Amino acid sequence: MVPSHYHDSVLKAEKVGLRAGVFDSGVGGLTVVKSLLEHRLFSEIIYFGDTARVPYGVKDKNTIIRYSLEALEFFKNFDVDIMIAACNSVSAYAIQELRQASTLQVSGVIEPGVLALKNKALSKDARILILGTRATIESKKYERLLKKEGFTHIESIAPSLFVPIVEEGLYEGSVLETTIEHYFKGVKEPDFIILGCTHFPLIAPAISRYFPHATLIHSGEAIVEYLEQSRQMTRRFDKTDLKLFASENPDSLKKTAARWL
Ligand code: DGL
């Protein structure tokens, strides 16, 4: 295990550039990339989507860890300064293993999501709804960290159908509305909703229409806040170069990036 001061000094060093490796199970992590691009925290982002083996959210812990360690090998070719697991399912199960297997700083999106919520919530009595894949929800990682922060009113749902709906590009309309109704019916309006899956920010407007008073926590915005606050990454680059890689059909990933980013 590399001591944390080593990671900090790597990131604080006056380097010409700062390169992030962003890893996701597929295309969804582009929602996190979008926030990183908007805030220009890095001079270069290397994105790797494991499109050949997506989805991770229905797989078990050991498989997710194995796939994540293989992705780490991919990033070793690029001299990245930090690896960001944009995928909540990876963040739920594999962060410890990734850190142990590497001298890189590795960040998931779950600690950042919890920090973002903590920064926004005025009361520990806030009602929180966590949305994530089955893997993320079953890991109970959000729940554990939120409870550690003193939050007690926590509900979790794994709305698995949201992922294929987003992949179909159905960001609005009756299929989405019916599915939202299916999962949210009977759920009391929360104060905060954690969008604990890379795909969910794309249907944030529809979720907000159902629960208009809830504040949404987005992994992309959360990781930016986390890097700024916990890693003192306040430097801004003029631009960020983005390089996209996929384990299958990289052209399709590039097309999605052109649409989403
Ligand atoms: N990227 C995944 C996540 O955020 C969603 C898609 C999948 O199941 O692989 O958990």
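Preceding this section is the structure that the text describes.
Residues numbered from 1 in each chain as written. Predicted model: local features only at pLDDT ≥ 70, side-chain atom pairs only at ≥ 80, totals over all residues. Heavy atoms only, no water.

### A few points about the packing of helix H2 (residues 30–39) against helix H12 (residues 219–230)
Relative orientation and spacing of two packed helices are given, respectively, by the angle between their axes and the distance between those axes. This is how it is decided: To get an axis, a line is fitted to the C-alpha atoms, and for a helix only the part in contact is used. The angle between two axes follows their N-to-C directions and goes from 0 to 180 degrees. For the purposes of this entry, the term helix denotes a DSSP run of H or I that reaches at least four residues, the term strand denotes a run of E that reaches at least two, and both are numbered from the N terminus. To sort the angles, those under 35 degrees are grouped as roughly parallel, those over 145 as roughly antiparallel, those from 65 to 115 as roughly perpendicular, and the leftovers as oblique. Left-handed is the label given to a crossing in which the near helix is rotated counterclockwise from the far helix by less than a right angle, and right-handed is the label when the rotation is clockwise. Note on contacts: a residue pair is in contact if any heavy atoms of the two residues lie within 4.5 Å. Three classes are used, and their members are as follows: Ala, Val, Leu, Ile, Met, Phe, Trp, Tyr, Cys and Pro are nonpolar, Asp, Glu, Lys and Arg are charged, and the others, Gly among them, are polar.
Running from amino to carboxyl end, H2 crosses H12 at an angle of 45 degrees, the nearest separation of the two axes being 7 Å. One finds that H2 runs oblique with respect to H12. Seen from above, H2 lies across H12 with right-handed handedness. For the pair H2 and H12, contact is made by Val32, Ser35, Leu36, Glu38 and His39 and by Ser219, Gly220, Glu221, Ile223, Val224, Leu227 and Glu228, respectively. Looking at side-chain class alone, the contact of H2 with H12 contains five nonpolar, four polar and three charged residues.

### Here's the deal with the environment of arginine 53
Applied cut-off: N or O atoms closer than or at 3.5 Å make up a polar contact, with two conditions inside protein: a donor-capable atom paired with an acceptor-capable one, and, for residues adjacent in sequence, both atoms drawn from side chains.
With respect to the helices and strands, arginine 53 occurs in the loop between strand E2 (44–49) and helix H3 (61–75). Spatially, the C-alpha atom of arginine 53 lies 18 Å from that of leucine 161, the residues being 108 residues apart in sequence. In this view, arginine 53 contacts Lys59, Tyr67 and Glu70; residues no more than four positions away in its chain are not counted. Among the polar contacts listed, one links the side chain of arginine 53 to the side chain of glutamate 70, at a separation of 2.8 Å.

### Examining the environment of glutamate 70
The criterion, for reference: Only protein chains enter the area calculation, which uses a 1.4 Å probe; residues under 20% of their type maximum are buried, those over 50% are exposed, and those in between are partly exposed.
The residue glutamate 70 is located in helix H3 in this model. Residue classification places glutamate 70 among the partly exposed positions, given a relative accessible area of 37%. C-alpha separation for the pair glutamate 70 and leucine 98, spaced 28 residues apart in sequence, amounts to 9.8 Å.

### Some remarks on the site of the ligand
Stated precisely, the cut-off is as follows: Consider each residue's heavy atoms; a residue with any of them within 4 Å of a molecule or strand counts as near. Methods summary: accessible areas were calculated by the Shrake-Rupley approach with a probe of 1.4 Å, and residue burial reflects only the protein chains presented.
Taken together, the neighbourhood of the ligand is formed by 13 residues, with Ser25, Tyr56, Gly57, Ser89 and Thr198 sitting nearest. Separating a nitrogen atom of the ligand from a side-chain N or O atom of aspartate 24 is a distance of 3.0 Å. Within the side chain of serine 25, a nitrogen or oxygen atom sits 2.6 Å from an oxygen atom of the ligand. Compared with its free state, where it exposes 290 Å², the ligand has 99% of that area covered by protein. Taken together, the residues of the shell around the ligand break down into five nonpolar, seven polar and one charged.

### Observations concerning the sheet that holds strand E9 (residues 241–246)
Under the convention used in this document: Strand pairing is assigned whenever DSSP identifies at least 2 bridges connecting the two strands.
Strand order in the open sheet formed by five strands is E4-E3-E1-E2-E9, and the pairing between neighbours is parallel. If you trace the sheet from one side to the other, it starts and ends with strand E4 (105–107) and E9, each paired once. The average undirected angle you get between the axes of adjacent strands in this sheet is 20 degrees. Bridging between E2 and E9 involves six bridges; their strand directions are parallel. When the sheet's bridge partners are listed, glycine 49 is paired in E9 with alanine 246. Strand contacts of H3: strand E1 (19–24), E2, strand E3 (82–85) and E9, with the helix running at about 150 degrees to E1, the strand carrying the most contacts.

### Some thoughts on helix H13 (residues 250–260)
Operational definition: In this description, the arc belongs to the directions extending from the helix axis to the C-beta atoms.
For H13, every residue scored as buried is listed here: Leu253, Thr256, Ala257 and Trp260. For H13, the arc enclosing every buried residue in end-on projection is 105 degrees, short of the 170-degree limit, so these residues lie on one face. Within H13, the exposed residues directed more than 90 degrees away from the buried face are Lys255, Ala258 and Arg259. Here the buried face of H13 lies against H2, E2, helix H9 (162–167) and E9.

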